[in-house]
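Summary of structural features
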Amino acid sequence: MSSTKPKPSRFYGVISALTFIMIYVPLATLVVFSFRAPTGWTFDWYTKIFSDQQIIEALGMSFFVGTVSTAISIVLGTAAALTLERTRFKGRGAFDILTHIPIIMPETVMGLSLLIWFVFLGVTLGSFSMIVAHVTFTLSYVIITVRTRLQGMDPQMEEAARDLGASPWQTFWKVTFPLVRPGIVSGGLLAFTLSFDDFLVTFFTAGAGSDTLPMKIYSMTKYGVSPEINALSTLMLVLTLVGVLVIGAREKLSSPR
Amino acid sequence: MEAVASRPIARLDRRIFLALPALIWFLGFLLIPLFIVVIYSLATRGEYGAVTFNFSLGNYFRIFDSVYLKIFLRSLQLAAVTSISCLLLGFPVAYVMATASPRWRQILMAMVVIPFWTNFVIRAYAIKFLLSDYGLINSLGMFLHLWSEPIYFSNSAFSVWLGMVTNYIPFMILPLYVSLEKFDFTMLEAARDLGASSWNSFWKVLVPLIKTGLITGLIFVFTPALGEFVVPDLLGGAKTMLIGNLITEQFMKTRDWPFGSALSLLLIVAVLVSLTIYLTNRDSRVQH
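Predicted model only: the values in this text are computed from it and were never measured.

Parameters at a glance
- The written sequence of each chain sets the order in which its residues are numbered from 1.
- Naming scheme: in the order in which they are written, chains are lettered from A and ligands are numbered from 1.
- Given that the model is predicted, a residue must reach a pLDDT of at least 70 before its local features are reported, and side-chain atom pairs must reach 80 or more before they are shown or counted; all residues, however, enter totals for whole chains, interfaces and linings.
- Excluded from the side-chain calculations are hydrogens and water; all other atoms, namely the structure's heavy atoms, are used.
- A helix here means a DSSP run of H or I that spans at least four residues, while a strand means a run of E at least two residues long, and both kinds are numbered starting from the N terminus.
- Between buried and exposed lies partly exposed: a residue is buried under 20% and exposed over 50% of the maximum accessible area for its type, with that area taken using a 1.4 Å probe on protein chains only.
- Residues count as neighbours in contact if any of their non-hydrogen atoms are within 4.5 Å of one another.
- Values of accessible area rely on a 1.4 Å probe in the Shrake-Rupley scheme; residue burial ignores everything except the protein chains shown.
- Each radius of gyration reported is based on C-alpha atoms, and the globular scaling rule is 2.2 Å times the count of residues to the power 0.38.
- Asp and Glu are treated as the negative residues and Lys and Arg as the positive ones, with His and the ends of the chain left uncounted.
- Where a charge lies is defined by one atom per residue type: Lys uses NZ, Arg uses CZ, Asp uses CG and Glu uses CD.
- Basic side-chain nitrogens of Lys or Arg form a salt bridge, by our definition, when they fall within 4 Å of a carboxyl oxygen of Asp or Glu.
- Polar contact is defined as a pair of N or O atoms within 3.5 Å, subject to the rule that within protein one atom must be able to donate a hydrogen and the other to accept it, and that residues adjacent in sequence are counted only when both atoms are side-chain atoms.
- Note on residue classes: Ala, Val, Leu, Ile, Met, Phe, Trp, Tyr, Cys and Pro are nonpolar, Asp, Glu, Lys and Arg are charged, and everything else, Gly too, is polar.
- Each domain span listed reflects an automatic or database assignment of domains.
- Once two parts are brought into contact, the accessible area they lose, counted with a 1.4 Å probe and summed over both, makes up the buried area.
- To estimate the expected span of a helix, subtract one from its residue number and multiply by 1.5 Å.
- The arc in question is formed by the directions pointing from the helix axis toward the C-beta atoms.

**Details of the overall build of chain A**
Of regular secondary structure, chain A possesses eleven helices and zero strands. In sequence order, chain A lays out its α and β elements as α-α-α-α-α-α-α-α-α-α-α. With the C-alpha coordinates aligned to their principal axes, the bounding extent of chain A is approximately 75 × 65 × 30 Å. Considering chain A as a whole, with its 257 residues, one finds that 51% of them fall into the buried category. Considering only contacts in chain A between residues 6 or more positions apart, those separated by 24 or more positions represent 75%. Summing over all exposed atoms, chain A offers an accessible surface of approximately 11,900 Å²; the carbon and sulfur share of this is 68%.

Put into structure tokens, the structure is as follows:
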């Protein structure tokens, strides 16, 4: 950090400002116009979306799928992270790569391969198939987040507990878990946010009649622009941003860096 | 990390079984589905979307039909334009971030990451709304008498470009920033002191040392952009067919799953190639 850093040229500053304008002006316009009435300002669009049964159902579906898939990812992901960080076994490298595939794989391909698989197995598309599909990608993020936390932890603490006669189960709950918990919570929040926000994988695995919020917004936008979509999008933006801010605040608290 | 490995392992560590549920999950819902896609790609579509498993390469030959080749070229072109635009716009942002004070760095980082976390359907819609006939841009233009009739911005190449770039630019900025943050900027001064022009010190000193970030950023943008279909669909008015739309149509409309499977395997191949480049690129950095 002590190295002297040059001031970037004005040209870089202008391009950067332009980039942020391109990113933020559309979003800001959307938010502002969600409160816009023909004359003056209003909350009407918000009351309108909350009296729309389909939107409420979509919101409920998003929360349901998000919660269940997060819970599954946390349990499976924490266990897998422990194995990857604390043991050496043949095929560990392959398993490591496997856990990264859902992150790099195009969501379209993940969605359609699961669609084929569900239809092949005769699974009815709906909340169940969506949860299975969401876990398939959120699991990876939980594994990576928990692993990062485990890497920053001294494995000798667990060894000491074992040497002092604690059972593996006791070691986990009394030593490992309390230390790794921030990683699990961050991973869980990340998983929930990703699930809540997902469109593509859901698009393929939702089936008819079980929309999540992003699906609902997508089908509404197909018909053009409207203040209701602005309001619903703003709501969705706020919900995701709250999740992200909580993750960010936690990370700041937990990492000494 | 490797120091742990040298510790003698007296007995089988039973903790390896903890990975079993996740392993089974990935096998059952990631690898087997992919395998099924391979099987389907070798089948043929029958009546009413039924599938005949006759194991032919017909679907792959169909890809070489000029109609589809044009679609691929168009997708490659869009992905390339998006990647280069993201690089040109994202590099200055990453540079400004890397040279900013810690406080500004945090603010800028938040500004880059926040859109990353906003739903891309919403972002695409926001652009559609901004550029719509009576949206902000047109209202402003007409209010200022710059033009008198609403300009038809939406469903244009411009709105697709804007949607793609703003969608993928964080994927470019973040790896570039990581590389630039580690870059020792005094090296540029040294190069200048030794008589290098700013052009030379940029290309011969800075670029080679941030190569990892550059390549990673390009891959992170190009790969997902290649299969993108929602942004062009919402902002381009679903007029231009791309690989992403073509694949989706095979599954949602035409119900030609075997052909759709063959097409999606092409995307997977593209990803595998990118992944290989990314990993070798990353490894070479570790060895330095």
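**Observations regarding the overall build of chain B**
For chain B, the count of helices and strands is 14 helices and two strands. Relative to a compact globule of 288 residues, whose C-alpha radius of gyration would be 19 Å, chain B shows 24 Å and is clearly more extended. Seen along its three principal axes, the alpha-carbon backbone of chain B occupies a region of about 80 × 75 × 35 Å. Within chain B, the fraction of its 288 residues that count as buried is 48%. For chain B, long-range pairs separated by at least 24 residues make up 65% of all intrachain contacts whose partners lie at least 6 apart in sequence. When the accessible surface of chain B is split by element, carbon and sulfur atoms take 69% of a total near 14,500 Å². One finds the centroid of the 21 positive side-chain charges in chain B at a distance of 5 Å from the centroid of its 15 negative side-chain charges.

**With respect to the pattern of salt bridges**
Enumeration according to the criterion identifies eight salt bridges over all chains in this entry. Note that B:Glu181 is salt-bridged to B:Arg105, the shortest N-O span being 3.4 Å. Of this pair, B:Glu181 sits in helix α8 (residues 157-182) while B:Arg105 is found in helix α5 (residues 102-116), placing the two residues 76 residues apart along the sequence. Taken together, the shared-partner salt bridges in this structure form one network comprising A:Glu85, A:Asp96 and A:Arg147.

**A look at the side chain of A:Arg147**
Along the chain, A:Arg147 turns up in helix α6 (residues 127-151). What makes A:Arg147 buried here is its relative accessible area of 10%.

**Describing the interface of chain B and chain A**
Of the residues lining the interface, 86 residues belong to chain B; the matching set on chain A comes to 86 residues. Remark: the boundary between chain B and chain A carries one salt bridge. Here A:Lys222 ties to B:Asp233 by a salt bridge, and the two come within 2.8 Å at their closest N and O atoms. Summed over the shared surface of chain B and chain A, the number is twelve residue pairs in polar contact (both at pLDDT 80 or more). For the side of chain B that touches chain A, the residue count by class is 62 nonpolar, twelve polar and twelve charged.

**Thoughts on the domain arrangement of chain A**
Residue and element names in this part refer to chain A. Taken as a whole, chain A is organised into domain 1 (8-42) and domain 2 (53-254). Each of domain 1 and domain 2 has a C-alpha centre, and these two points are 31 Å apart. The interface of domain 1 with domain 2 comprises five residues on the first partner and five residues on the second. Buried area between domain 1 and domain 2, both sides added, is near 450 Å², and the carbon and sulfur share of it is 74%. It is Leu 30, Val 31 and Ser 34 that lose the most area in domain 1 upon contact with domain 2, and together they represent 73% of the buried surface on that side. Here domain 1 and domain 2 share zero salt bridges between them.

**Concerning helix α4 (residues 92-104) of chain A**
Residues and elements named next belong to chain A. Helix length check: α4 (13 residues) gives 19 Å between terminal C-alpha atoms against 18 Å at 1.5 Å per residue, within 8%. Listed as buried for α4 are Arg 92, Phe 95, Leu 98, Thr 99 and Pro 102. Down the axis of α4, the buried side of the element spans an arc of 120°, and every buried residue falls inside it.

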